[in-house]
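Coordinate analysis (summary)
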Amino acid sequence: MWGGRFASGPDAVMEAINASIDFDRRLYAEDIAASRAHAAMLGATGIVSDSDAAAIREGLLTVLSEIEAGSFPFSRALEDIHMNVESRLRELIGAPAGRLHTARSRNDQVAVDFRLWVRGQCDAAEAGLTALMRALVAQAEAGAAMVMPGFTHLQVAQPVTWGHHMLAYVEMFARDRGRFRDARARMNESPLGAAALAGTSFPIDREMTAAALGFDRPMANSLDAVSDRDFALEFLAAAAISATHLSRLAEELVVWTSAQFGFVRLSDRFSTGSSIMPQKRNPDAAELCRAKVARITGALVALLTVMKGLPLAYSKDMQEDKEQVFDAADALMLALAAMTGMVADMAPEAERLRAAAATGFSTATDLADWLVRRLGLPFREAHHVTGALVKRAEEKGVDLADLSLAEMQAVHPGIVEEVYEVLGVDNSVASRTSFGGTAPARVRAEVRRWWEALG
């Protein structure tokens, strides 16, 4: 490739550290698509003849078919996907293959290939998130009025509905989907034509190649075009946040499926057994989803560290960008698929959820609110009265609703029989009708909104 400048070949160690074909072969489809667009532009501008441009484009289709058929002979000696494709193209069509690299460098070539690949992964992540959101909305619809405990500090706080809990994750994953969309919009500019770093003296048409590859426009600065990896960092940042949300849901599934909670049951399709304990049903898929965030966040930190000290423009350090992104994208898509399957599969245990919702004096806030509304107490005073009633119930080993009216009136004489209407968990959730609240009516309205939004 650069034999005119060098008198001997690279050392074996140099060849090993320099080669990237073992991983960047994943860019073959993008490399061939970008090369075909470049060849078409070279022909249209008269930089190469129409016949050579046509031969190059047809030859590249042959290379593509060989790779997809599994018969392509990848060579580490040729370093990367770009030179492997170009070398095979020369074998197929001869001298015209040497014209393909006119007005182009491997710097802008790899930049456009990688950008195309990451753009496709943004689309894939959006589709995966949409499928997961649909599964969660279906759960929310089925359990719109199903009462469960809401937690803070993993302590029972107030009753909520299953549907409300599911929709909380829909909101999270919707934000994730928006981040991938935003990242895709920002990365949709073409670096092709920036050449090594300074542009080219050939009369190329960058608008033509950008349009052919589905980009909105060419990148405006050739130095930035070849040295930018913001698109990969944004993808990894969006993936890391999404994986964090997946991990939070996975953690709840691990807790909920334990014998101590028993809130949810996963079928055999998403459970595993033990090699020694025959009674075990382990939520391994959830645990592995929970662990994937480490790989994905690690990839983000690794690429940030690679890029943090690089002067303009291209440096070979950037070859370390792809493995991190490839691994993170694979981990995210697998975790999304697994979580979608688990959400669709899981069966909430309604009676267990309801019983748990009624523990821990979960309607204490409802009592305090009633004291404010009915008796006109300042909230701080109502809070104090309710705390005293909770203490009394705790000492007796009963729930608030089990205290007699006389016992309540001993704490505050203004309390009347009507108070018992707010102490049941069903009354509690039904009363939370504020926008964004847990009331079944609110949940059903949100379910309808999400079904419409998801199409």
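Here's what I pulled together on the structure shown here.

The rules behind these values
- Residues numbered from 1 in each chain as written.
- Predicted model: local features only at pLDDT ≥ 70, side-chain atom pairs only at ≥ 80, totals over all residues.
- Heavy atoms only, no water.
- Salt bridge = Lys/Arg side-chain N within 4 Å of Asp/Glu carboxyl O.
- Helix = DSSP H or I, 4+ residues; strand = E, 2+ residues; numbered from the N terminus.
- Buried < 20%, exposed > 50% of the residue type's maximum accessible area, 1.4 Å probe, protein only.
- Expected span 1.5 Å × (residues − 1).
- Contact = heavy atoms within 4.5 Å.
- Pairing = 2+ DSSP bridges.
- 1 Å grid on protein atoms, 1.4 Å probe; cavity = no way out; pocket = protein on both sides within 12 Å on 5 of 7 lines; lining within 4 Å.
- Points joined across faces, edges and corners; volume = space filled by probe spheres on them.
- Nonpolar A, V, L, I, M, F, W, Y, C, P; charged D, E, K, R; others polar.
- Axes fitted to C-alpha atoms, helices over the stretch in contact; angles between N-to-C directions.
- Parallel < 35°, antiparallel > 145°, perpendicular 65-115°, else oblique.
- Left-handed = near helix turned anticlockwise from the far one by under 90°.

Turning next to the pattern of salt bridges. Across all of its chains, the model carries 26 salt bridges by this definition. Note that Arg106 and Asp80 form a salt bridge whose closest N and O atoms lie 2.5 Å from each other. Pair noted here: Arg106 is in helix α6 (residues 106–142) and Asp80 is in the loop between α4 (50–69) and α5 (81–93), with a separation of 26 residues, a long-range link. On the basis of relative accessible area, Arg106 is assigned to the buried category, the value being 18%.

Turning our attention to unusual backbone geometry. Cis geometry marks the peptide bond from Leu312 to Ala313, where omega comes out at 5°. You can see Ala313 is positioned in the loop between α11 (284–307) and α12 (321–345). One non-glycine residue, Ala195, adopts positive backbone phi at about 60°. Along the chain, the position of Ala195 falls in the loop between β3 (189–190) and α8 (206–212).

In an α-helix there are 3.6 residues to a turn, and that puts residues three or four apart on one side. Here helix α3 (residues 28–44) spans 24 Å end to end across 17 residues, near enough to the 24 Å set by a 1.5 Å rise per residue. Taken across its 17 residues, α3 has 12 buried, putting it largely inside the fold. Those residues of α3 lying buried are Glu30, Asp31, Ile32, Ala34, Ser35, Arg36, Ala37, His38, Ala39, Met41, Leu42 and Gly43. The inward-facing, buried residues of α3 contact α4, α5, α6 and α8.

Next up on the list: the pairing of strand β1 (residues 147–152). In terms of strand pairing, β1 meets strand β2 (residues 155–161) through 6 bridges, oriented antiparallel. Directly across from Thr152, in β2, lies its bridge partner Gln155. A loop of 2 residues connects β1 with β2, the two strands running antiparallel in sequence, and His153 in this loop sits at a positive phi of about 60°.

On to the layout of surface pockets, then. Here the largest pocket defines a volume of roughly 620 Å³. Forming the boundary of the largest pocket are 25 residues, of which His164, His165, Ala168, Tyr169 and Met172 lie nearest the centre. For the lining of the largest pocket, the secondary structure elements donating two or more residues are α7 (162–187), α10 (230–256) and α18 (440–454). Ranked by the residues each element gives to the lining of the largest pocket, the list is headed by α7, at 7 residues. Grouping the amino acids of the lining of the largest pocket by side-chain chemistry returns 14 nonpolar, 4 polar and 7 charged.

Take the side chain of Asp52 next. Mapping Asp52 onto the fold places it in helix α4. For Asp52, a relative accessible area of 16% corresponds to the buried category. Setting aside residues up to four positions removed in sequence, Asp52 forms contacts with Pro96 and Arg99.

The geometry of α6 relative to α12 is characterised by a closest axis approach of 9 Å and an angle of 15° between their N-to-C directions. With respect to their mutual orientation, α6 and α12 come out roughly parallel. Where α6 crosses over α12, the two elements pack in a sense that is left-handed. Across the contact of α6 with α12, the residue classes break down as 20 nonpolar, 4 polar and 2 charged.

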